[in-house]
Amino acid sequence: MIKIKDLEKIYRTEEVETIALNKLSMEVKEGEFVAVMGPSGCGKSTLLNILGLLDDSDNGSFVFNGVEVTKFNERKRAEMRKHNIGFVFQSFNLIDELTVYENVELPLIYTGVKTPDRKAKVEAVLDKMKIMHRRNHYPQQLSGGQQQRVAVARAVVNNPKLILADEPTGNLDSSNGNEVMELLTDLNEQGTTIVMVTHSEHDAKFSHRIIRMLDGQTVTENILV
Amino acid sequence: MLKNYLKIALRNLGKNKTFSIINVFGLSLGLACCLLIASFVFSELSYDTYPEKANQIYRVELNVTGNGTVETYTNVDVAVGAGMMNAYPEIQAFTRLLNLRESFVKYNNKEFKEGNMAVVDSNFLQVFSIPFISGDAKTALNEPNSIVITNALATKYFGSENPIGKQLVVGASTFKVTGLIDKIPDNSHFHKDAFISMSTMHLTNQTWSNVSFYTYLVLDSKADPKLLEAKFPELVKKHVVPEVAKDMGISMAEAQKSVNTFVFFLEPLTRIHLYSNTKYELEANGDIQYVYIFSALAIFILLLACVNFTNLSTAASAKRAREVGIRKVIGSEKKQLMIQFLVESVLLTYIAIVFTYALVYALVPHFNQLAGTHLSFGFFFSVPFILSVLALGLVVGILAGIYPAFFLSSFNIISVLKSSSSTSTKHRSPLRSGLVIFQFAVSTILIISTLVVYQQLHYMQNKKLGYDKEQVLYLQDAYILGSKDVQNSFKQELLKDSRILNVSVGTDVPGNPNMDGTQVYPKDKAANENGTEIHANIYHIDYDYLSTLGIKMLHGRNFSNEFPTDSFAVIINQAAVNDLGWANTDPIGKTIVTSGQHEFKVIGVASDFHYASVKQKIAPLMMMLGNNYRTGFIVKIKTSDVQRLLADVKKKWDVANPVAPFSYYFLDEHFASLYAAEQRTGQIFSAFAIIAILIACLGLFGLATYITQQRVKEIGIRKIFGATIPNLVMLVSKEFLKLVIIAFVLAIPLAWWAMHKWLQDYQYRIDLKWWIFLSAGILVMLIAVLTVSFQSVKAAIANPVKSLRTE
């Protein structure tokens with residue numbers, strides 16, 4: 001599903017040049033659950049942004065689903081992204097002005113799903129995430145765990161092939177954190193590929209494989225299963 | 001999708017109340033101004049479009065060049081209309097209007113003075129497509145002594161009775177009412193209450209070289225007015241030249257030379273109201289310049305309101321940044337986000353339009369008073385107007401929202417989602433600064449303009465006029481008292497009162513636009529000598545006139561009954577001396593020849609006085625003894641109890657003639673009314689200035705709110721490290737004051753240029769003083785400081801621990 005070869009990303013300011021990704025190569029197969037770990041500033045988030053087609057790379061190749069995407073412009077990236085990738089963030093990133101239902105509905109609107117279909121899909125996923133009873137609440141009215149469940153619901157409502165999770169449990173206590181990890185595991189078992197950045201060894205154990213990064217390169221890979 | 005946009009737009013508006021209120025209020029104000037002015041402009045542009053053949057009707061006007069200046073007459077002589085029609089087949093019809101002097105009109109025991117009547121050709125009302133309520137439009141004005149009146153006049157005299165066939169006494173003649181019309185449309189360049197048939201006049205003279213008949217031609221729809229105008233000189237040669245030769249006693253060749261400056265031309269009917277501005281208009285007209293100025297003001301005010309939206313949206317962008325990021329991650333394209341933000345600004349504009357209508361409803365009466373218009377609220381609900389308003393809303397919404405939409409939708413996903421506190425947007429933005437400068441520059445210019453207009457007004461009202469206008473009572477209609485003996489004994493009665501210092505009885509009073517005038521030339525130079533013929537106004541006065549009004553004599557003497565020859569003598573003003581070319585000689589004893597070969601000997605020179613508006617240059621004036629037509633008593637008084645004096649004067653008037661209506665005015669009040677137009681301009685400018693500064697301050701307030709919010713942490717840290725409250729207030733206010741000062745500097749030359757231009761219309765005008773500019777600047781600065789300090793003081797006195805803890 002993901003094939004990366006010699007990927008480079010360099011941030012330049014007037015005086016300093018920071019190499020975020022240094023000829024990084026990696027591969028993620030369909031159906032895998034991969035955790036990316038490493039100290040702050042090792043390039044984890046940069047990698048995740050590039051995988052999520054939020055950012056472009058300076059050199060190297062990135063083949064997503066068999067398509068070389070490094071030369072895509074923003075519009076094409078957005079198109080590719082909205083049909084294939086779901087995101088889960090540490091800080092949930094729900095839109096405060098929209099209800100739970102409307103937040104989850106949003107990706108379907110952007111992919112042009114018709115209203116009756118939207119309703120069915122949103123309700124199904126809310127049910128699955130066990131937050132159906134909160135559908136008309138606004139994000140501020142929910143606990144952190146509930147907010148992250150909404151975020152996960154939103155990430156999966158479009159049935160993406162890939163879910164990218166950026167420290168999904170970072171803002172949660174351990175019980176809520178476990179709940180979210182179990183959700184992700186379930187999704188993975190149903191066939192969704194997951195790449196997760198995390199600091200937590202505990203969370204990383206839920207994955208099949210841990211990629212450890214340092215200074216923009218992968219250093220080791222632990223196969224867990 | 002649109003539903004989603006609308007939903008989030010509404011919720012955002014509800015959530016950011018300050019932002020929404022400022023924007024809705026600002027936009028409503030701006031739009032209300034715009035709508036009112038648009039309706040004013042529509043109404044100005046609609047003048048005289050009501051006749052069916054409006055585009056084929058032209059008024060014949062006349063340019064006469066004398067002594068280097070061109071005098072434009074909007075009326076011509078009695079024979080011109082028929083003469084032109086007979087000569088040129090492209091003229092379908094002509095019609096004439098002659099103003100009637102103020103006259104008393106009587107029906108049974110009801111008697112009123114009517115100043116708004118005219119004598120017209122029988123086809124006049126048909127040419128102007130004025131519908132009749134009753135009577136036959138075709139024949140109503142055929143017979144002599146016929147009169148067609150408006151509904152208002154009919155009600156005044158006949159109440160609910162049918163006016164047709166009734167007899168009205170106008171002056172000394174009796175007229176039969178043969179037609180009833182509703183009224184002359186508001187958007188007409190004349191408004192008469194009564195039309196008397198031209199046949200009443202028994203006109204036999206067929207002269208071409210005088211003026212007083214307002215003459216309108218209806219041209220063939222295919223006729224070219226320019227080509228027609230080009231043929232007029234042949235008519236001048238044929239008709240005017242022999243007449244002038246006869247009148248002035250000169251040869252045809254000499255006459256031809258002297259009438260070379262006699263040019264008939266055509267003024268399109270629909271241009272009269274906005275483009276024609278001479279002394280001889282039927283009514284004070286509008287001015288295309290003001291249409292332009294007001295349109296520009298409306299657009300500027302609307303732009304100011306749009307600027308608020310743009311500025312506040314971008315300043316508050318931090319709040320929206322995360323939403324933009326999330327939407328982009330989820331799959332929104334930039335275009336979709338732009339549309340979303342545009343939907344928001346258009347929605348906001350439409351909400352504002354609702355309030356605009358409420359504002360317009362409240363403001364229409366005031367605006368009518370201010371602009372002298374007759375708008376009704378219903379006008380704003382006409383379908384084309386509503387459609388234009390909806391279109392305007394779309395344009396304004398897009399104009400206000402386009403930059404924020406572009407700005408917000410361009411946020412980089414990663415940076416906005418990374419920083420949880422989203423401090424990524426800077427509080428300084430060159431565009432925002434530019435827009436604030438624009439707002440305050442416009443406000444400053446308006447304030448300067450207001451000050452200048454009022455100063456000029458004050459200057460004109462207080463200018464030394466060359467005569468004494470304080471404590472001068474004018475009793476109108478001397479002739480109505482009765483014979484000259486009755487008038488004279490009334491005058492003697494008045495003089496017995498010690499509070500009455502002087503009384504003059506005559507025809508002309510300063511400030512009254514109606515006066516006689518004629519072409520004259522000095523006898524010591526030939527009439528055909530270039531530039532010797534001038535136009536002079538004529539005042540008919542008596543022996544006491546100059547002393548009653550305190551007009552100074554420069555040379556010679558006043559009229560005196562010791563000199564019986566004084567009925568052929570004239571006192572001229574200094575301007576006449578100069579224009580007649582006598583500046584370097586002694587004018588006393590010289591002779592002036594008027595048209596018709598009447599000779600008058602100069603016995604005195606009076607100093608120039610402003611007998612017309614101060615707007616106009618003092619023109620040559622000849623004062624002669626007038627004994628025939630006496631329009632009023634000029635009474636110089638000295639009392640602190642004017643009301644009592646008036647009561648006593650009225651008693652004496654009633655004794656002199658118990659049935660004559662008593663009417664009066666004070667010269668100074670009448671004089672002030674000459675400047676109604678300037679008064680109006682001043683009021684309109686000040687209204688605009690207030691609205692502009694209000695909108696600009698609303699925006700500034702909103703901006704200050706957001707920016708202090710963004711800097712709250714910085715302010716907290718500074719405070720912990722020892723900054724005092726004044727330091728902090730200064731820190732925040734400084735940035736805005738800098739912008740206001742730049743705006744001020746930019747405003748000065750623009751305001752100077754505009755006001756300099758405006759003042760050119762005035763013969764006697766103020767100099768633009770530096771302190772006007774400075775005081776406007778200080779005023780704007782103070783207002784800005786007050787606006788900003790509300791927020792900056794709040795931020796400065798807040799407990800820093802709180803602001804830092806929230807981080």
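That block above? That's the structure.
Reading the values: rules and limits
- Residues numbered from 1 in each chain as written.
- Chains lettered and ligands numbered in written order.
- Predicted model: local features only at pLDDT ≥ 70, side-chain atom pairs only at ≥ 80, totals over all residues.
- Heavy atoms only, no water.
- Contact = heavy atoms within 4.5 Å.
- Buried area = accessible area lost by both parts, 1.4 Å probe.
- Salt bridge = Lys/Arg side-chain N within 4 Å of Asp/Glu carboxyl O.
- Polar contact = N/O pair within 3.5 Å; in protein donor to acceptor, adjacent residues only side chain to side chain.
- Helix = DSSP H or I, 4+ residues; strand = E, 2+ residues; numbered from the N terminus.
- Nonpolar A, V, L, I, M, F, W, Y, C, P; charged D, E, K, R; others polar.
- Axes fitted to C-alpha atoms, helices over the stretch in contact; angles between N-to-C directions.
- Parallel < 35°, antiparallel > 145°, perpendicular 65-115°, else oblique.
- Buried < 20%, exposed > 50% of the residue type's maximum accessible area, 1.4 Å probe, protein only.
- Pairing = 2+ DSSP bridges.
- Disulfide = S-S within 2.5 Å.

With 23 residues of chain B at the contact, the number on the chain A side is 27 residues. For the pairing of chain B and chain A, the buried interface totals around 2,400 Å² over both sides, and the portion due to carbon and sulfur atoms is 55%. If you look at where chain B meets chain A, you find five salt bridges. As a salt-bridge pair, Glu102(A) and Arg11(B) come within 2.4 Å of each other at their nearest N and O atoms. Along the contact surface separating chain B from chain A lie 11 residue pairs in polar contact (both at pLDDT 80 or more). Among the elements of the structure, helix H1 (2–15), helix H10 (317–330), helix H11 (334–371) and helix H13 (413–418) of chain B are those that each provide at least two residues to the side of chain B that touches chain A. At seven residues, H10(B) tops the list of elements feeding residues into the side of chain B that touches chain A. For the side of chain B that touches chain A, the class distribution of residues is eight nonpolar, six polar and nine charged.

Residue and element names in this part refer to chain B. Following both chains from N to C, one finds H11 and helix H20 (residues 676–710) inclined at 140 degrees, their axes separated by 8 Å at the closest point. Regarding the angle of H11 to H20, the classification is oblique. Facing H11, whose interface residues are Gln-369, Leu-370 and Ala-371, H20 presents Arg-680, Gln-683, Ile-684 and Ala-687. Looking at the contact of H11 with H20 residue by residue, the classes come out as four nonpolar, two polar and one charged.

Bringing the pairing of strand E17 (residues 534–541) of chain B into the picture now. Residue and element names in this part refer to chain B. Counting buried positions along E17 yields eight of eight residues, so the element is predominantly enclosed. With burial as the criterion, each face of E17 is covered, one bearing Ile-534, Ala-536, Ile-538 and His-540 and the other bearing His-535, Asn-537, Tyr-539 and Ile-541. By the bridge criterion, five bridges tie strand E16 (residues 516–522) to E17 in an arrangement that is antiparallel. Paired with Gln-519 across the two strands is His-535, which belongs to E17. Across five bridges, E17 lies against strand E22 (residues 621–625) in parallel orientation.

A word on the state of the cysteines. What makes a disulfide is a covalent bond joining the sulfur atoms belonging to two cysteines. Residues and elements named next belong to chain B. As enumerated under the stated definition, the model contains zero disulfides over all chains in all. Cysteine Cys-34 shares no disulfide, and the gap to the nearest cysteine sulfur, in Cys-33, comes to 8.1 Å. With a relative accessible area of 11%, Cys-34 lands in the buried category. Considering cysteine sulfurs only, Cys-33 is the nearest to Cys-697, which forms no disulfide, with 15 Å between them. Overall, the relative accessible area of 11% leaves Cys-697 in the buried class.

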